[in-house]
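Remarks on the overall topology
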Amino acid sequence: MVTIRYFPEDWETIDVDQGIVNGEMIERITPQPNLDKEKKLGPVFEMRPQIIPGEGEGDERISVDINFPIETFADEWIIYGSPDASDDDDYIQMPVFNTRKISCKVILGDGETIVLGGLGRDDTITTNDKIPILGDLPVIGRLFQSKYSDASKVNVLIFLTGRLVKPDGSAYNPKKQIQRGLPRFGRVE
């Protein structure tokens, strides 16, 4: 689910052209992006679990530090201008990122499930559509225009079930019955 992409984080200047204009030495400096670092886009799940001993056998609890960032590229660039006023093609662009994040600490028992949420996002796209020239006319131009918006909502829920296991992968408490899913419903009389 994670995509690795390379974006500029900083720029270095490189001397490209040298010349004499009106008796003065001129150097043209061009910005070059450094694309050395990778950027992970999407959900990155980091956990640090620890076992908290209980009073008796099977009473152990799991303490988990959770860090769950979701970083996305906003499809936008910030333009910092042209270092050389004579050439408009030389400019510095930096990407814009959106970050949503859950950071928390939870304590749960063997086989218990928790739900983490709060990473919602609302997107609204408004479109103005018109017939060229006719849509620009005063008063009657509204007859040749349409405006609409499209809204979407995205929610992320994380279900986390803690299981205590031994290094070989077997159950830590094999005698303990772990309730999974919904409890069985009996007949009500």
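See the structure above.
Conventions and cut-offs
Residues numbered from 1 in each chain as written. Predicted model: local features only at pLDDT ≥ 70, side-chain atom pairs only at ≥ 80, totals over all residues. Heavy atoms only, no water. Helix = DSSP H or I, 4+ residues; strand = E, 2+ residues; numbered from the N terminus. Buried < 20%, exposed > 50% of the residue type's maximum accessible area, 1.4 Å probe, protein only. Contact = heavy atoms within 4.5 Å. Areas by Shrake-Rupley, 256 points an atom, 1.4 Å probe, with all protein chains shown as cover. Core = buried A, V, L, I, M, F, W, Y, C linked by side-chain atoms within 4.5 Å. Salt bridge = Lys/Arg side-chain N within 4 Å of Asp/Glu carboxyl O. Phe/Tyr/Trp six-rings, centres within 6.5 Å; stacked < 30°, edge-to-face > 60°. Lys NZ or Arg CZ within 6 Å of the ring centre and 35° of its normal. Pairing = 2+ DSSP bridges. 1 Å grid on protein atoms, 1.4 Å probe; cavity = no way out; pocket = protein on both sides within 12 Å on 5 of 7 lines; lining within 4 Å. Points joined across faces, edges and corners; volume = space filled by probe spheres on them. Nonpolar A, V, L, I, M, F, W, Y, C, P; charged D, E, K, R; others polar.

**Describing the overall build of the chain**
Secondary structure assignment for the chain yields zero helices and 11 strands. Counting from the amino terminus, helix and strand elements in the chain follow one another as β-β-β-β-β-β-β-β-β-β-β. Sorting the 189 residues of the chain into buried and exposed places 23% on the buried side. Sequence separation of at least 24 residues holds for 61% of the intrachain contacts in the chain that already meet a minimum separation of 6. Within the structure as shown, the chain displays about 14,600 Å² of accessible surface, and the carbon and sulfur contribution to it stands at 51%.

**Thoughts on unusual backbone geometry**
Look at Asp 75: it is not a glycine, yet its phi comes out positive at around 55 degrees. In this fold, Asp 75 is placed in strand S6 (residues 61-79). Residues other than glycine seldom take positive phi values, yet Ile 133 does so here, at roughly 70 degrees. We classify Ile 133 as exposed; its relative accessible area is 66%.

**A short note on the nonpolar core**
Within the largest apolar cluster, 14 residues are counted, with the highest numbers of intra-cluster contacts made by Val 64, Ile 66, Phe 68, Ile 102, Val 106 and Leu 116. Of all the elements in the fold, those that place two or more residues in this core are S6, strand S7 (93-109), strand S8 (113-116) and strand S11 (158-161). Element by element, the count of residues in this core is highest for S6, at five residues.

**So, the pattern of salt bridges**
Two side chains that carry opposite charge are able to pair once their charged atoms sit near each other. Tallied over the entire structure, the rule returns five salt bridges. The partner of Arg 61 in a salt bridge is Glu 112, and the shortest N-O contact between them spans 3.5 Å. One end of the pair, Arg 61, is in strand S6; the other, Glu 112, is in the loop between S7 and S8, with 51 residues separating them in the sequence. The shortest N-O distance in the salt bridge between Asp 136 and Lys 130 comes to 2.4 Å. Given the relative accessible area of 44%, Lys 130 is considered partly exposed.

**Regarding the packing of aromatic side chains**
All chains considered together, the criterion is met by six aromatic pairs. Between Lys 39 and the ring centre of Phe 97, over which it is positioned, the NZ or CZ distance is 4.5 Å.

**Describing the pairing of strand S10 (residues 145-154)**
Counting buried positions over the 10 residues of S10 gives zero, only a small fraction of the element. The pairing of strand S9 (residues 121-130) with S10 spans 10 bridges and is antiparallel. Bridge pairing links Ile 125 to Asp 150 in S10.

**Overview of the layout of surface pockets**
Taken as a whole, the largest pocket encloses approximately 170 Å³ of empty space. In this structure, the largest pocket is lined by 13 residues; those nearest its centre are Pro 49, Ile 62, Val 64, Gly 162 and Arg 163. At the level of elements, strand S5 (46-52), S6 and S11 are the ones that each hand at least two residues to the lining of the largest pocket. Of the residues forming the lining of the largest pocket, the biggest block, four residues, is contributed by S5. Per-class residue counts for the lining of the largest pocket are nine nonpolar, three polar and one charged.

**So, the side chain of Ser 63**
Residue position: Ser 63 is located in strand S6. Once residues within four sequence positions are removed from consideration, Ser 63 is found in contact with Arg 48, Pro 49, Gln 50, Ile 52, Lys 105, Val 106 and Ile 107.

**Concerning the environment of Arg 100**
Residue position: Arg 100 is located in strand S7. When the C-alpha atoms of Arg 100 and Pro 43 are compared, they prove to be 9.3 Å apart, with 57 residues separating the residues in sequence. When residues no more than four places from it in sequence are discounted, the contact partners of Arg 100 are Phe 68, Pro 69, Ile 70, Leu 119, Gly 120, Arg 121 and Val 156.

Limitation: the analysis is restricted to geometry and does not speak to function.
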